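# Remarks on the overall topology
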Number of protein chains: 2
Amino acid sequence: MQPSIPRGLRDVLPLEAADRRALAERCRGTFESWGYGQISTPSFEYFDLLALEAGEEISREMFRFVDSDGRLVALRPEMTTPIARAVAQRMQSERLPLRLFYVEKVFREQPARLGEQREFEQAGVELLGARGPAADMEVVALAAEMLSGAGLAEFQIGIGHVGVFRILLEQLGADTKHRRAAEELATARNLVGLGRLLEQISPEARNSVGAAVNARGGPEAIETLRAIVEEGEGRRLLDEMAETYRLLEAYGLSGKVMLDFGIIRNFDYYTGLVLEAYTPGLGAPIATGGRYDDLLAEFGAAMPAAGFAAGLERLHLAIAKQGAKEPAPEAALLVGWEAEPTAALRVAKQIRAAGRAASVTLEPVGVDRLRQGPREELGQQAGPGPEQGRGRRRQRVAAALFVTSEGRLILVGPEEERPVAGVAELLKELETE
Amino acid sequence: MQPSIPRGLRDVLPLEAADRRALAERCRGTFESWGYGQISTPSFEYFDLLALEAGEEISREMFRFVDSDGRLVALRPEMTTPIARAVAQRMQSERLPLRLFYVEKVFREQPARLGEQREFEQAGVELLGARGPAADMEVVALAAEMLSGAGLAEFQIGIGHVGVFRILLEQLGADTKHRRAAEELATARNLVGLGRLLEQISPEARNSVGAAVNARGGPEAIETLRAIVEEGEGRRLLDEMAETYRLLEAYGLSGKVMLDFGIIRNFDYYTGLVLEAYTPGLGAPIATGGRYDDLLAEFGAAMPAAGFAAGLERLHLAIAKQGAKEPAPEAALLVGWEAEPTAALRVAKQIRAAGRAASVTLEPVGVDRLRQGPREELGQQAGPGPEQGRGRRRQRVAAALFVTSEGRLILVGPEEERPVAGVAELLKELETE
């Protein structure tokens, strides 16, 4: 049988896997330093529950199947709804706010022509049971710190507000149908289409919304909105947004965070602040999120909440593009033997106990073969990652070790070999090389 | 909507998630110390490929669905076939042997009455491109070191040989149908059924196979088999098995590894040594594996291979049962503020930069509320894990910190509060507490 996998899926081979794990660890480190605890949920759940507030597009993109109980289930397309469900189901009695993070696989069915991944890994957080500028600021600042902490030097986080957008549309006389259509066009950044749609309501609607979705930058963007949005709830939300931005500035993030009222996200559940992080050279956002104050109520556990998610493949790619390279993982010391492996096995055990990796050859080898072998032996673990096509990295292999049947150690370098008194001496020699 | 998930699936809440991550890290550490590199494959693949050598039972247990290209795919029920496929597809040109490990989710549809998990996490290895006693020994020894390294004190690994079992059945005149039936009965440890089946062939068949599947212990078990198995390939395999066991003894594992020719595994792809690890108080094996020398040839990349997988949920449970407890993760320092959070946010940033976790309150709090709050604040992150029902663990929360608008720090203990000069002093105080 031809070995192949369905499109939009991929294997992650060892060198890339090591990079990806290091990346995930850095994200975790940042989340934990803000007091967030990890949560994991099942890869598939009831379709109806996942689709509840996901919006039409995401609902269409779910992989669905019927389980042996005859229930329609789906691979999760994102983590916010499953975590909201888990909190409502199992953590309602916990003290609020809840700070949760995840590093999980999500799945989206995609038409073949788009050439997109259908399974990808997301790292993100949910902050549940809190609202207001301090909570919004925490989510945005944590997104920024996760990205910097991951090693991404250049990025920009835009923050908008779907609540203000909805209030503005209402104020301008848009009905629910128009509002939905406008949100979809705004999400797709289709400003021409958005203009045409609003023209149907009134020229003022077109002008006001046009000015709103183009308002971006510092506090002046809020002033633009204040001039368009009427007194009342909309203005109150703008005041909160101004305070959120002020706190972000005070935290030292004015260079990384920008107000952008053109940002509208395509999950139905967003109600307030929304965010998108971009990095040069990558068209799609590297992280997205927002506030979803009504989602938990759907599960009988009304509480405000906000969060974000970043795609780890994309983040890895962006970091590699910006030139930051993971150091290649240190390869295992290759331990060879000729007549009988017992002594070599014992030496390898001691090397491992000392905290260093060792592999014993699985057949007899002479010193000669060992001399040619070691520098390539673990090159096996190279694999095309984001750096594919730019020359494969190889693991660093320092040297090899030959162990005689009597247990004598011979360190085998590329040009010469020399005896070593014991494992302690060996490790010292390898340190200094 | 009632928040619920399909049976056989579960959420992993923060304290358990932290334990599980620590456990997975220890497994990874052991794998890497033996020179293994991580591999990850897609959660679903073509059904036909996954079913190729999985055996009838596992094939029945796969979650199947049709993707948007009209292809029948399935959630992977195990990792050996996907990794064999990935090696054939993408790593054929790499130098052998290949040492690969994984920590991945796998999926099995189960009848409701069994009450079993339908998604679980496996940690395991595949050693590809090598055969013989040194290779077999490496797989078994690594399984033992992974289990000890994970913190499991009491366990026993049994090793058998499906190749010897098949040769014996052939020698006794069993046809393919009988052989398959016998393997299934042996896998299920249904010795009465096995005896009845073999009786149909001959009383000698019943007696010989009965003696073989009951042969266990040290080298004497091999002598038992040698007396039953005829000269030829079967005897050669027994010699190899004796050498494998000798190497395991020499490595210091005679107390952990036992020969057991009654072990037969229910994947069709096994061809040689098979292993099962058991731990007291857990009926099902905690790790299983074996040699599958013919699987890669199915993908046009003939090479010998062997590996094992351990279930992380089960391993976590077994470690908890044996009394080893993860230390509860250190909770974040709670930082409160009253008038305005800017100063508190800056202090939290400094605390994080110093490598300690901090959460800022998301609304104004007085010192009084902070004094009552901190010890419980992060109790939120407790969750039922394997220790469910034996009292929840809580995160340790040392103290809370109040930051005045002018940036003065007040350390708030359960009974008293005292000013601290700065973040450096604060961290020193917390260290010594």
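Note: the structure precedes this text.
Note on numbering: residues in each chain are counted from 1, in written sequence order. Written order determines the labels here, with chains lettered from A and ligands numbered from 1. Under the rules for a predicted model, residues below a pLDDT of 70 receive no local features and side-chain atom pairs below 80 are neither given nor counted, while totals for whole chains, interfaces and linings still include all residues. Side-chain metrics in this entry use all non-hydrogen atoms of the structure; hydrogen atoms and water are not considered.

### Re the sheet that holds strand β3 (residues 64-66) of chain B
Adjacent strands of a sheet form backbone hydrogen bonds with each other and so pair up, either parallel or antiparallel. Residue and element names in this part refer to chain B. The condition that has to hold: Two strands qualify as a pair provided DSSP detects at least 2 bridges between them. Here a strand is any run of E in DSSP of at least two residues, a helix any run of H or I of at least four, and the numbering for each starts at the N terminus. Simply put, an axis is a line fit to the C-alpha atoms, just over the touching stretch for a helix, and the angle between two N-to-C directions goes from 0 to 180 degrees.
Spatially, β2-β4-β3 is the arrangement adopted by the 3 strands of the open sheet, whose pairing is antiparallel. Two strands lie at the open edges of the sheet, namely β2 (44-46) and β3, each paired on one side alone. Across this sheet, the average inter-strand angle for adjacent strands is 35 degrees, counted without regard to direction. Looking at chain direction, β3 and strand β4 (residues 72-75) are connected through 3 bridges and run antiparallel. Directly across from Arg-64, in β4, lies its bridge partner Ala-74.

### Let's talk about the sheet that holds strand β15 (residues 400-403) of chain B
Residues and elements named next belong to chain B. Reading across from one edge, β14-β13-β15-β16-β17 is the order of the 5 strands in this open sheet, with mixed pairing throughout. Across the chains shown, the open sheet's two edge strands, defined by having one partner strand only, are β14 (358-360) and β17 (417-420). The sheet shows a mean angle of 30 degrees between the axes of neighbouring strands, taken without regard to direction. Relative to strand β16 (residues 409-412), β15 runs antiparallel, the two sharing 4 bridges.

### Some points on the packing of helix α13 (residues 342-353) of chain B against helix α16 (residues 423-432) of chain B
All names here are of chain B. Quick reminder of the rule: Note on terminology: angles under 35 degrees are roughly parallel, angles over 145 are roughly antiparallel, angles of 65 to 115 are roughly perpendicular, and the others are oblique. Here is the rule for handedness: rotate from the far helix to the near one, and if that takes an anticlockwise turn smaller than a right angle the crossing is left-handed, while a clockwise turn gives right-handed. Contacts between residues were defined by any pair of non-hydrogen atoms, one from each residue, lying within 4.5 Å. Nonpolar residues are Ala, Val, Leu, Ile, Met, Phe, Trp, Tyr, Cys and Pro. Charged residues are Asp, Glu, Lys and Arg, and all others, Gly as well, are polar.
Between α13 and α16, the shortest axis-to-axis distance is 10 Å and the interhelical angle comes to 55 degrees. Classified by the angle between their axes, α13 and α16 sit oblique to one another. Handedness of the crossing formed by α13 with α16: right-handed. Of α16, the residues touching α13 (which contributes Val-347, Gln-350 and Ile-351) are Val-423, Leu-426 and Leu-427. Grouping the constituent residues of the contact of α13 with α16 by class yields 5 nonpolar, 1 polar and no charged.

### Section: empty space enclosed by the protein
Note the following rule: Whether a set of points on the 1 Å grid over the protein atoms alone is a cavity depends on a 1.4 Å probe fitting there but being unable to get out, while an open set qualifies as a pocket with protein on both sides within 12 Å along at least five of seven lines; lining residues are those with an atom within 4 Å of a point. Grid points are joined across faces, edges and corners, and a volume is the space filled by probe spheres set on the points.
For the coordinates displayed, the defined rule picks out 4 cavities of 30 Å³ or more. What the largest cavity holds in volume is close to 790 Å³. Lining of the largest cavity is provided by 37 residues; of these, Val-103 and Glu-121 of chain A together with Val-103, Lys-105 and Glu-121 of chain B occupy positions nearest its centre. At the level of secondary structure, the elements contributing two or more residues to the lining of the largest cavity comprise α1 (14-33) and β5 (98-107) of chain A together with α1 (14-33), β5 (98-107) and β6 (119-128) of chain B. Classifying every residue of the lining of the largest cavity gives 12 nonpolar, 8 polar and 17 charged. Reported here for the second largest cavity is a volume of approximately 120 Å³.

### A few points about the pairing of β6 of chain B
Residue and element names in this part refer to chain B. Our working definition: Note on exposure labels: buried denotes an accessible area under 20% of the residue type's maximum, exposed denotes more than 50%, and partly exposed covers the range between, all computed with a 1.4 Å probe on protein chains only.
Of all 10 residues making up β6, 10 are buried, and the element is well covered by its neighbours. Burial along β6 is two-sided: Glu-119, Glu-121, Ala-123, Val-125 and Leu-127 facing one way and Phe-120, Gln-122, Gly-124, Glu-126 and Leu-128 facing the other are all buried. Pairing of β6 with strand β12 (residues 305-311) involves 7 bridges; the strand directions are antiparallel. Bridged to Leu-127 within β12 is Ala-306.

### Comments concerning the packing of aromatic side chains
The line we're drawing: The rule is short: rings of Phe, Tyr and Trp, with Trp giving its six-membered ring, pair when the centres are within 6.5 Å, and they are stacked under 30 degrees, edge-to-face over 60, tilted in between. Sitting over a ring, as applied to charges here, requires NZ of Lys or CZ of Arg to be within 6 Å of the ring centre and within 35 degrees of the ring normal.
Here the structure, examined in full by the defined rule, presents 17 aromatic pairs over all chains. Put simply, the rings of Phe-44, Phe-63 and Phe-65 of chain A together with Phe-44, Phe-63 and Phe-65 of chain B touch in pairs and so form one group of aromatic residues. Above the face of the Tyr-46 of chain B ring, Arg-71 of chain B is positioned so that its terminal group lies 3.9 Å from the ring centre.

### Here's the deal with the relation of the copies chain B and chain A
Formally: The copies are overlaid by a least-squares fit using only the C-alpha atoms of residues whose pLDDT is at least 70 in both copies.
Of the transformation placing chain B onto chain A, the axial shift is 0.0 Å and the rotation is 180 degrees, giving an RMSD of 0.0 Å. The operation mapping one copy onto its partner corresponds to a two-fold rotation axis. Taking C-alpha positions as the reference, the residue of chain B nearest the rotation axis is Phe-65 of chain B, at 2.8 Å. Most of the interface of chain B is mirrored in chain A: 100% of its interface residues are interface residues there too.

### Comments concerning unusual backbone geometry
Residues and elements named next belong to chain A. Leu-96 connects to Pro-97 through a cis peptide bond whose omega is 0 degrees. In this fold, Pro-97 is placed in the loop between α4 (80-90) and β5. A positive phi angle, close to 55 degrees, is found at Arg-189, a residue other than glycine. Take Arg-189: it is sitting in the loop between α7 (176-187) and α8 (191-199).

### Examining the pattern of salt bridges
Inclusion rule: We count a salt bridge whenever a side-chain nitrogen from Lys or Arg sits within 4 Å of a carboxyl oxygen from Asp or Glu.
Tallied over the full model, the rule gives 70 salt bridges over all chains. In this structure, the salt-bridge partner of Glu-121 of chain A is Arg-20 of chain A, at a minimum N-O distance of 2.8 Å. Of the two residues, Glu-121 of chain A is situated in strand β6 (residues 119-128) and Arg-20 of chain A in helix α1; the sequence distance between them amounts to 101 residues. For Arg-20 of chain A, a relative accessible area of 7% corresponds to the buried category. A salt bridge links Arg-235 of chain B to Glu-231 of chain B, with the shortest nitrogen-to-oxygen separation between them at 3.2 Å. Assessed through its relative accessible area of 67%, Glu-231 of chain B is described here as exposed. Salt bridges here are not isolated pairs; linked through shared partners, they connect Arg-7, Glu-109 and Arg-118 of chain A together with Asp-67 and Asp-69 of chain B.

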